[in-house]
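Listed below, chain by chain, are the residues.
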Amino acid sequence: MKSLTIGRNENCDVVIQHPEVSRLHARVLAENGEWWIVDEQSTHGTFVDGHRIAKERITPASKIRLGPYSLDASTLLKPVEGTFPKPLPPDPEPDYLTVMQGAYVVYKKNKERFELQAHLLKGGVMLIPFFGPAINYLITAQVKKRVIQSGFFREFKTKARCPHCDYGIYQLADRPDTVWEEFVKKAACPNCRKSLTPKNN
């Protein structure tokens, strides 16, 4: 059985440097004269002809998509001297920092909106004798829960990750603003120290 790996990791046969492509995203297999693609439990999924799959038979005409990235199946499956093709050249390296900053701005704006709504509620609640502090605590807890469960937080959590070591940079967002500003200034992952901006910048 032959196989070809696709993902963000430099050790994959086909390397796709995109933050929404998992380090090992998918695997193409040759089984009994047929081609199959297997999703390797990727975050954003593997799609064949518009349908998310776990394992699917493919042909050169199949439309393959890994997260937001489309692949030409006919090129991917074209044998080279009876083996798999050589790795495709990687796309130009994205500006990960710009993507993170955009998601951060959306996150902060919506989080502040939730907090303002809670602040207005607390102003009225504190006028209630005895029960005011307890209700105030419940409102704060509910706001935190709404933020964590919100779509904008999930998007930020997905995009604000180091493409090199998968460190969750989104964790810096709720520290003092100076922490995030210092991170942006350095433009490097605080965990692995690798750059998050294109090398030609």
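Note: the structure precedes this text.
Residues numbered from 1 in each chain as written. Predicted model: local features only at pLDDT ≥ 70, side-chain atom pairs only at ≥ 80, totals over all residues. Heavy atoms only, no water.

When helices and strands are tallied, the protein chain shows 5 helices and 9 strands. Moving toward the C terminus, one meets the helices and strands of the protein chain in the order β-β-β-β-β-β-β-β-β-α-α-α-α-α. A buried classification covers 38% of the 201 residues belonging to the protein chain. Taking all contacts inside the protein chain whose residues are at least 6 apart in sequence as the whole, residues at least 24 apart take part in 42%. (Helix = DSSP H or I, 4+ residues; strand = E, 2+ residues; numbered from the N terminus. Buried < 20%, exposed > 50% of the residue type's maximum accessible area, 1.4 Å probe, protein only. Contact = heavy atoms within 4.5 Å.)

A separate point is the side chain of T46. Structurally, the position occupied by T46 is in strand β5 (residues 46-48). Polar side-chain contacts of T46 include one of 2.6 Å to the side chain of D39. Ignoring sequence-local partners within four residues, the contact set of T46 consists of H25, A26, I37, D39, H51, R52, I53, R65 and L66. (Polar contact = N/O pair within 3.5 Å; in protein donor to acceptor, adjacent residues only side chain to side chain.)

Take unusual backbone geometry next. Here D49, not a glycine, exhibits a phi torsion of approximately 55 degrees, which is positive. In this fold, D49 is placed in the loop between β5 and β6 (51-53). With phi around 70 degrees, D166 is a residue other than glycine that occupies positive phi space. Tracing the sequence through the fold places D166 in the loop between α4 (151-159) and α5 (177-186). Looking at D166, the relative accessible area reads 27%, which means it is partly exposed.

What follows concerns the packing of aromatic side chains. Counted according to the given criterion, the structure contains 7 aromatic pairs. Plain terms: the ring middles of Y104 and F156 are 6.1 Å apart, the flat faces sit at 50 degrees to each other, and that makes the pair tilted. Separated by 52 residues along the polypeptide, Y104 in helix α2 (residues 96-125) and F156 in helix α4 bring together distant segments of the chain. Both residues of the pair, Y104 and F156, belong to the buried class. Ring plane angle 50 degrees and centroid distance 5.7 Å describe the contact between Y107 and F153, whose orientation is recorded as tilted. Residue Y107 is located in helix α2, and its partner F153 is located in helix α4; the two are separated by 46 residues in the primary sequence. As far as burial versus exposure is concerned, Y107 and F153 are alike and both buried. Its end group placed over the ring of W36, K55 keeps NZ or CZ at 5.3 Å from the ring centre. (Phe/Tyr/Trp six-rings, centres within 6.5 Å; stacked < 30°, edge-to-face > 60°. Lys NZ or Arg CZ within 6 Å of the ring centre and 35° of its normal.)

This part covers α4. For α4, the complete set of buried residues consists of F152, F153 and F156. Down the axis of α4, the buried side of the element spans an arc of 100 degrees, and every buried residue falls inside it. (Arc of directions from axis to C-beta.)

Burial along strand β9 (residues 69-72) is one-sided: the face carrying Y69 and L71 is buried and the face carrying S70 and D72 is not. Pairing of strand β8 (residues 63-66) with β9 involves 4 bridges; the strand directions are antiparallel. Along β9, the bridge assignment pairs R65 with S70. Counting the residues that bridge the hairpin from β8 to β9 gives 2 residues, and of these G67 lies at a positive phi of roughly 60 degrees. (Pairing = 2+ DSSP bridges.)

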